[in-house]
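Topology and contacts: notes
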Amino acid sequence: MLMKKQPTILTLTAIVFQLVCISAFASEIDTTDKSLFDRSIEELIEQEVTIATKSSQKLSQTPSVVSVITADEIKTMGYRELEEVLQTIPGFASTQTRLGSRPYAIRGVSNIRQGGKLLVLLDGTPYNDVMYGTSVFFGATFNLDAIERIEVIRGPGSALYGRNAFSGVINIITKRAQKDNNIEFGGTIGNYSTADGHLSYSIKKENFNARIDAKYYTTNTTDSKYNDGEGGESIWNIGHKNIYINANAQYKNFKFYGSFAQRIDGNSSGINLGDFMANGSSTFKVGTYNLSYANDLSSNIGLKAKFYGRNENRIQDLEFSAPTTTDTLNVPAFGLNLPFNQFYQGGWYALPVFDAYTYGAEIELSFQILKNNKLLVGIQGDLHGVKNAKVHTNYDIATWLPLTYNDGQGNTLYYTRSNMPLYEPGWIQNNGHDYQNAAIYFQDVHYLLENLSFTIGGRLDFDSEVGSIFNPRLGMVWEPSSHASIKLLYGKAYRAPTPNEQYKIMGFDLGNENLTHEEIHTGEAAISLQFEKLFTELSFYYNHLDNLILQLDTAANSTVKSYYNKGSNNSYGLELETKYFINNSIYTFANYSYNQSEDSRKLESGTITYRQPNVASHIVNLGVNTRFLRFINWSLLLRYTGAFEKFPVDYASNRSTFISQNKVGDFYMLNSTVMFTNLIKELDISIQGYNLLNSTYYYQDDTFMYQPKQPGRHFLVRASYNFVL
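Right, let's walk through the structure included here. For every chain, the first residue of the written sequence is number 1, and numbering continues from 1 onward in sequence order. With pLDDT at 70 or above as the cut-off, local features in this predicted model cover only qualifying residues; side-chain atom pairs require 80 or more to be listed or tallied, and sums for whole chains, interfaces and linings still use all residues. Heavy atoms throughout the structure, all of them, feed into the side-chain values; hydrogens and water do not.

Let us now look at the overall build of the protein. The numbering of helices and of strands both runs from the N terminus, where a helix is a DSSP run of H or I of at least 4 residues and a strand a run of E of at least 2. Along the protein, the regular secondary structure elements total seven helices and 40 strands. Between buried and exposed lies partly exposed: a residue is buried under 20% and exposed over 50% of the maximum accessible area for its type, with that area taken using a 1.4 Å probe on protein chains only. Per-residue burial for the protein yields a buried fraction of 57% across its 725 residues. We call two residues in contact when some of their heavy atoms are within 4.5 Å. In the protein, the share of contacts with a sequence separation of at least 24, taken over all contacts with a separation of at least 6, comes to 65%.

Turning our attention to the nonpolar core. The term nonpolar core refers to a set of buried residues drawn from Ala, Val, Leu, Ile, Met, Phe, Trp, Tyr and Cys, joined through side-chain atoms within 4.5 Å. The biggest cluster of nonpolar side chains holds 32 residues, and the ones touching the most others in it are Ile74, Tyr79, Leu86, Phe92, Ile150, Ile170 and Ile172. Listed by contribution, the elements that provide at least two residues to this core are α4 (82–86), β5 (104–106), β7 (119–122), β9 (147–154), β10 (168–174), β18 (279–298) and β34 (586–603). Counting residues in each nonpolar core, the second largest holds 25 residues, with Leu329, Phe340, Val386 and Tyr395 among its members.

Another aspect to go through is the sheet that holds strand β4 (residues 92–94). Whether two strands pair comes down to DSSP finding at least two bridges between them. Here we have three strands laid out as an open sheet, ordered β4-β5-β6, and antiparallel in their pairing. At either end of the open sheet lies a strand with only one pairing partner, and these are β4 and β6 (109–110).

Turning next to the packing of aromatic side chains. We describe a pair of aromatic rings using the distance from one ring centre to the other and the angle between the two ring planes. Working definition: rings of Phe, Tyr and Trp (its six-membered ring) pair if their centres are within 6.5 Å, and the pair is stacked with planes under 30 degrees apart, edge-to-face with planes over 60 apart, and tilted otherwise. Across all of its chains, the model carries 20 aromatic pairs by this definition. Relative to Phe142, the ring of Tyr127 lies with its centre 4.8 Å away and its plane at 45 degrees, an arrangement referred to as tilted. On the criterion of sequence distance, the pair formed by Tyr127 in the loop between β8 (125–126) and β9 and Phe142 in the loop between β8 and β9 is long-range, its members being 15 residues apart. Neither residue differs from the other here; Tyr127 and Phe142 are each classed as buried.

Every case where a carboxyl oxygen of Asp or Glu lies within 4 Å of a side-chain nitrogen of Lys or Arg is listed as a salt bridge. Per the stated rule, a full pass over the model turns up 27 salt bridges. Across the pair Arg495 and Glu518 runs a salt bridge, and its minimum N-O distance is 2.9 Å. A residue pair is termed long-range when its members are at least 10 positions apart, and Arg495 in strand β29 (residues 484–495) and Glu518 in strand β31 (residues 518–530) qualify at 23 residues. Accessibility expressed as a relative area gives 0% for Glu518, which makes it buried. Each of Lys54, Lys306, Glu362 and Glu364 takes part in one network of salt bridges that share partners.

A separate point is the pairing of strand β37 (residues 632–645). If a strand is regular, its side chains alternate between the two faces of the sheet. Taken across its 14 residues, β37 has twelve buried, putting it largely inside the fold. Note: strand β36 (residues 618–628) against β37, ten bridges, orientation antiparallel. Bridge pairing in β37 links Thr626 to Trp634. Counted along the chain from β36 to the antiparallel partner β37, the turn is three residues long, and its residue Leu629 has a positive phi close to 55 degrees.

So, about the pairing of strand β40 (residues 714–724). Of the strand pairs in this sheet, strand β11 (residues 182–190) and β40 are connected by nine bridges, and their pairing is antiparallel. In the strand pairing of β40, Glu184 is matched with Asn722. Summarising the sheet, strand β39 (residues 683–690) and β40 pair through eight bridges and their orientation is antiparallel. Bridge pairing in β40 links Leu683 to Tyr721.

As for its position among the elements, Asn583 is in strand β33 (residues 561–583). In the analysis that follows, any N or O atom pair within 3.5 Å is treated as a polar contact, provided that within protein one partner can donate a hydrogen and the other can accept it, and provided that, for residues neighboring in sequence, both atoms belong to side chains. Within the structure, the side chain of Asn583 is placed 2.8 Å from the backbone nitrogen of Ser585, a separation counted as a polar contact.

This part takes up empty space enclosed by the protein. With a 1 Å grid spanning the protein atoms alone, the term cavity applies to any set of points in which a 1.4 Å probe fits but cannot get out, the term pocket to an open set with protein on both sides within 12 Å along at least five of seven lines, and the term lining residue to any residue with an atom within 4 Å of a point. Grid points are joined across faces, edges and corners, and a volume is the space filled by probe spheres set on the points. For the structure on display, the rule yields ten cavities of 30 Å³ or more. Its volume calculated, the second largest cavity comes out at about 180 Å³. For the lining of the second largest cavity, the secondary-structure elements that each account for two or more residues are β9, α5 (158–161), β28 (467–481) and β29. Considered class by class, the residues forming the lining of the second largest cavity number 13 nonpolar, five polar and four charged. Following the grouping adopted for this structure description, the nonpolar residues are Ala, Val, Leu, Ile, Met, Phe, Trp, Tyr, Cys and Pro, the charged ones are Asp, Glu, Lys and Arg, and the polar ones are all others, Gly among them.

Right, let's talk about a nonpolar patch on the surface for a bit. Like-charged residues within 9 Å of one another, or nonpolar side chains (Val, Leu, Ile, Met, Phe, Trp, Tyr) within 5 Å, are grouped into patches, provided each residue has over 30% relative accessible area and no salt bridge. For the area figures, the Shrake-Rupley method with a 1.4 Å probe applies, and any residue is considered shielded solely by the protein chains shown. A cluster of nonpolar residues, Ile527, Leu529, Phe531, Leu534, Tyr580 and Ile582, forms a patch on the protein surface that exposes about 460 Å² of accessible area. Elements represented by at least two residues in the nonpolar patch include exactly β31 and β33. Taking relative accessible area as the criterion, Leu534 reaches 30% and is therefore assigned partly exposed.

As a further point, take the sheet that holds β8. Strands in a sheet are paired, the pairing made by backbone hydrogen bonds, and the direction either parallel or antiparallel. On the basis of which strands lie adjacent, the open sheet formed by five strands has the order β3-β9-β10-β7-β8 and mixed pairing. With one partner strand each, in any of the chains shown, β3 (66–70) and β8 form the two edges of the open sheet. The sheet contact formed by β7 and β8 spans two bridges and is antiparallel. Within β8, the residue paired with Leu122 across the bridge is Thr125.

Below is the structure:
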């Protein structure tokens, strides 16, 4: 039975008592420097966003269910990485695999390989990688210190954004210059060898402004251990070292955004081969750039144009076994039963590498010919693909036999990690693949009444691999009073297959050139109520997914798999969210997400149906943010994640049909941050605590139950200083 440390009644009582005491004390204080508290509920809820319609619109009027997280909230709640931010949004959940990756589940839509099937934009530039289609798979590739706000669509977005905008869209908007010659620097230190340093500089003139942010971040993440398959334990090395650079500039109607991120992972980037764990490292480098122009051609016609790009380089240094590994290699099919270091005398290694690129352009025209009608039309095109996909190995990937060479003196030697030859067949067909996409889209928002609008739109994509695809959207927004909003929405979206799914020619999973795109149809209904200090929203949704790409056996009891469009999913649920200002010093929020998600697989033996793994039926977030004594900000975040099932893999039987009923999840997580602002002018210091209840909890492992254990209680101390030259 899985043992988890749950919060005791005494612990929860103490937390509630602390909240009441601080609330009572804070209510006596007249705070004048509030930051987050400067905004009323109306300002918080009625802030304008662009993600839903590509034009500025109030949250209550958007034909989408949209969430916004601001820089103030990121700072005061003590969020460290993007996944911590996203997990507080209704409908979002993430797990963490042994490899350190974080697959996302969004309203019941989850995939352990695609990281949630969502599109991420960084200042409007598509950030999803081309090879695997992943987006926030490793969330630490974003610098939270440089983020001004995060806008999130919960639901499909292909009617405006095309491929990958499947179950959601996230636009990360970085900070722009607010002061001239402004410098901010700071750092963080904590356990698990966590440390960072950040620096920003801003210029702000009459017609020009610019800002650059740089950060270095390193952490071991945890000191947890995992079962090594041989009766022992090994340190779960999912640590990483990151470098971030973000820059933006604006001159009159022109804007430029650029970013660079480098992430170096520890052993997490290896792969799990059943009874032993790969050991190696991974280096991930990605750069983005975006040049845009916006201008009003007349009082009712606007023009926007942009050119954008993304380049990526990835190197994986994989160690499957070292020359000193004495664990037994038992492969009856090959007649092998001997220590690894006797068979792979030079060790067992591979070094796959690839480059990826995206280059695109987009032009939009907006029209408001009639007072009650807004029309948007646009065209978009891009070239994207993978190149230089090569692999160096010291073994024959087809036969698994170690490679040897003659040293010129009659001696036969084994290749080692330092002199691996290039594996000529490669690992992606033709060492890469190029794609092209062109699209035309439109969106019309018509106000039948001042408080009643209808949205109709659609996008026609011409994809070089899967042909033409049309994705429509429909929406109705009715505001029966100044305090209420009702939305009825429908959307369709698609995800195109990736090079890894189509053209991989080596390893345990082979590509399938005949794949077509995945589809999702979503219906939504939402009602929100807003009062002087209180906002609440209740939303319902139903998803139907078809043509899902699954990894299935190529033959009965085979260890080799390929990809097929043989999956479907039906999911439904509700999300309840509340935000409440108790007084001008205390802000609270709470949300509850309920979901039922069911997968189906079409196999030769018939269709099997089962509950979607990685998706908890119940998730609760409770947060409090309060300021008192003019310079102290205290926040508390309690999260409950219900039980969910283990990923369906069993190496002892046909892995395609075995469904594990062992459950993980069902735990509480308590985080808290105390921040001292302006102790000395412009100096902020915070103390952050995570997993304060020291809950023992697990996510997923594809071989061993309850592996690996997630990080326990840990603390960080953070300081930042801001000044003008």
